[in-house]
Amino acid sequence: MSDKDSTPWLVQKYGGTSVGKFAVKIAKDIVSTYINDHKVAIVCSARSGSTKSHGTTNLLLRASSEALTRPEKSNGTSGGVNLLQDEHIFAARSSIRDPAILQELEDEIERDCEWLRNFLFAAKIIDEISLRSRDSIVGLGERLACKIMTCVLKDQGIDAEYISLEDIVPPSASDDLDTTTSTLTQSFYNHIAAAMGDRISQCTARVPVITGFFGPVPGSLLRQIGRGYTDLASALLAVGLNASELQIWKEVDGIFTADPRKVATARLIPVISPDEAAELTYYGSEVVHPFTMEQVIQRKIPIRIKNVENPQGGGTVIHPDPELALGGLNGVVDIPEEPASQKSPHDHSLAAADEQRKRLPTAVTIKEKIMVLNVNSNRKSVSHGFLAGIFGTLDRFGVVVDLISTSEVHVSMAIEDGLGKKVLDQLVAELRKSGTVSIHRDMAILSLVGKQMPNMVGIAGRMFQTLAQGNVNIEMISQGASEINISCVIQAREAVKALNLIHLNCLQIKPEGARGRGQSPFFQAKHSLTTVIPVGPWLF
Ligand SMILES: Nc1ncnc2c1ncn2[C@@H]1O[C@H](COP(=O)(O)OP(=O)(O)O)[C@@H](O)[C@H]1O
Ligand SMILES: N[C@@H](CC(=O)OP(=O)(O)O)C(=O)O
């Protein structure tokens, strides 16, 4: 690049499994290509092995809780830290060739792990780990991952600089917690984005490798943002640098019409609106952290989800204006449109499929580990305080309601089934003050999402008819005011079957010849529904 200063920034975020498995590939095949035409800033998560549940962040969280629960003489805590140290040293040795770079990195890893041992030892002595301390412990995962990634880049001949964001939040930021909602204010996010932008824009020659951990934030990073906070860090950085694009690199090609690991015929969605992507992430397709979209999209910066194992793929673009994105505007990788005269019959059938796609919902998703709480008012007359009492209780227990369905005297709520037994018992005891309470566990939320759905007459009927014919029992139904999402709660054991049935009947593009003349795909599907659904037994 001749004039690097005027080149816009490109922010790339790499998830835990990507840095864990493909650090060398990221440096060699991805970063080395993009730096030719862009100023690249890299944000990394803590390393994971095959899955996030076996990753560094989980190991750190376990070590922090074991520091308090393990008996005095047990070496349980240091056992966890030793494992962490061994894994990172092994990762360093298997990806770095230069002995000098490797030695320096190994020393760093040992120093960081010693810091953790001392921290946990101190916590054991005072018998307390505050939320702030837990945040700091978790932040070590990103520090280690970024140190390894920086050395891998240097080892591949790319000049890189490690940057920690753990002190980016000023102490005065405690005022940035909205006292009525206990959530972080937009002015907090604006402030952090600007501070990140200032710090990173100084590294024009080197590739900055930035920790996705940016705590401790007021009220705790883990509590305010939750797991997956590195997506938000990359979004704030993209805003602060006014980046041309935020790329989130994962192990899937992008956002699909359903989880590709559960539905074999799921299709990649080339462009999706932020609202749809947000609904999908809230309801189980956790491809991007929900807070990410809001920050980036309000600045009109597109987000592209890409696959580390398939860097040539176009991925999925989350774009404030999906039609513009299809024309290739604003994005880093254009999606070119061919002139009509050069199109083959095959292209025409592709165009027909594209037309059909526009008249279908966008995707179906499933959120597992759900329980349903039913509360039946015990008052004989209507009580205006009934709902207020229930929501007040949920708020005190910090319980987030995923779906709700109400009548004047009855409330059904789907919540995440993650509360400990003691807390759940206390919650139920409190709710009993409002009425009789019943709990249904092992449930899942099934959501059909699409921005076109408000104009689709009959889509809800089709969804529920499909489930009925597949013998899937529905526990509760909910459709949000935006109408871009129709959700229901079903038994968890039916989730994959239901996902496949809905995908087959509400999202599958039928071959051109399979549709009758002058009839909409809905008319066709309505009349073919009984034949489309095969009869069990189900093999899902
Ligand atoms: N609609 C969807 N489209 C793409 N992936 C989905 C969808 N729903 C669920 N998923 C799952 O989300 C996961 C995201 O990718 P992964 O690379 O594993 O995440 P991370 O980078 O956070 O470790 C995949 O395991 C995929 O199966
Ligand atoms: N390491 C953190 C933060 C994160 O963002 O992870 P990932 O990018 O792998 O979802 C976690 O496990 O939650």
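Residues numbered from 1 in each chain as written. Chains lettered and ligands numbered in written order. Predicted model: local features only at pLDDT ≥ 70, side-chain atom pairs only at ≥ 80, totals over all residues. Heavy atoms only, no water.

The protein chain appears in an unreviewed UniProt entry as Aspartokinase from Laccaria amethystina LaAM-08-1. Here is the UniProt Sequence similarities (unreviewed entry) comment for the protein chain, exactly as written: "Belongs to the aspartokinase family." Database annotation for the protein chain, UniProt heading Catalytic activity (unreviewed entry): "L-aspartate + ATP = 4-phospho-L-aspartate + ADP". (UniProt positions renumbered as here; feature names shortened; annotations may be inferred.)

### Brief notes about the sheet that holds strand β10 (residues 316-318)
Whether parallel or antiparallel, the strands of a sheet pair through hydrogen bonds between backbone atoms. Read from one edge of the open sheet, eight strands run β3-β6-β2-β1-β7-β9-β10-β8, paired in mixed fashion. Because the sheet does not close on itself, it has two edges, and the strands there are β3 (160-163) and β8 (271-272). As defined by bridge partners, strand β2 (residues 39-44) adjoins strand β6 (residues 207-211) across three bridges and the pair is classed as parallel. Paired with V43 across the two strands is I210, which belongs to β6. (Pairing = 2+ DSSP bridges. Helix = DSSP H or I, 4+ residues; strand = E, 2+ residues; numbered from the N terminus.)

### Brief notes about the site of ligand 2
Ligand 2 sits among K13, G15, G16, S45, A46, K52, T57, E142, R227, G228, Y229 and T230. Take S45: an N or O atom from its side chain is 2.5 Å from an oxygen atom of ligand 2. A total of 340 Å² of accessible area belongs to ligand 2 in isolation, and the protein chains cover 91% of it. The class makeup of the residues in the shell around ligand 2 is two nonpolar, six polar and four charged. (Near = heavy atom within 4 Å. Polar contact = N/O pair within 3.5 Å; in protein donor to acceptor, adjacent residues only side chain to side chain. Areas by Shrake-Rupley, 256 points an atom, 1.4 Å probe, with all protein chains shown as cover. Nonpolar A, V, L, I, M, F, W, Y, C, P; charged D, E, K, R; others polar.)

### A few points about the state of the cysteines
Throughout the structure, instances matching the rule amount to zero disulfides. C203 takes part in no disulfide bond, and the closest cysteine sulfur to it belongs to C146, at a distance of 13 Å. Judged by relative accessible area, which is 5%, C203 ranks as buried. Its sulfur unpaired, C488 is 11 Å from the next cysteine sulfur, which belongs to C506. (Disulfide = S-S within 2.5 Å. Buried < 20%, exposed > 50% of the residue type's maximum accessible area, 1.4 Å probe, protein only.)

### Notes on the pairing of strand β14 (residues 435-449)
Strand direction decides the pairing type here: strand β11 (residues 363-377) and β14, joined by twelve bridges, are antiparallel. Note on β14: the bridge partner recorded for S377 is G435. For β14 and strand β16 (residues 485-491), the ladder comprises seven bridges, and the chain directions are antiparallel. The residue bridging I445 from the neighbouring strand is V489, located in β16.

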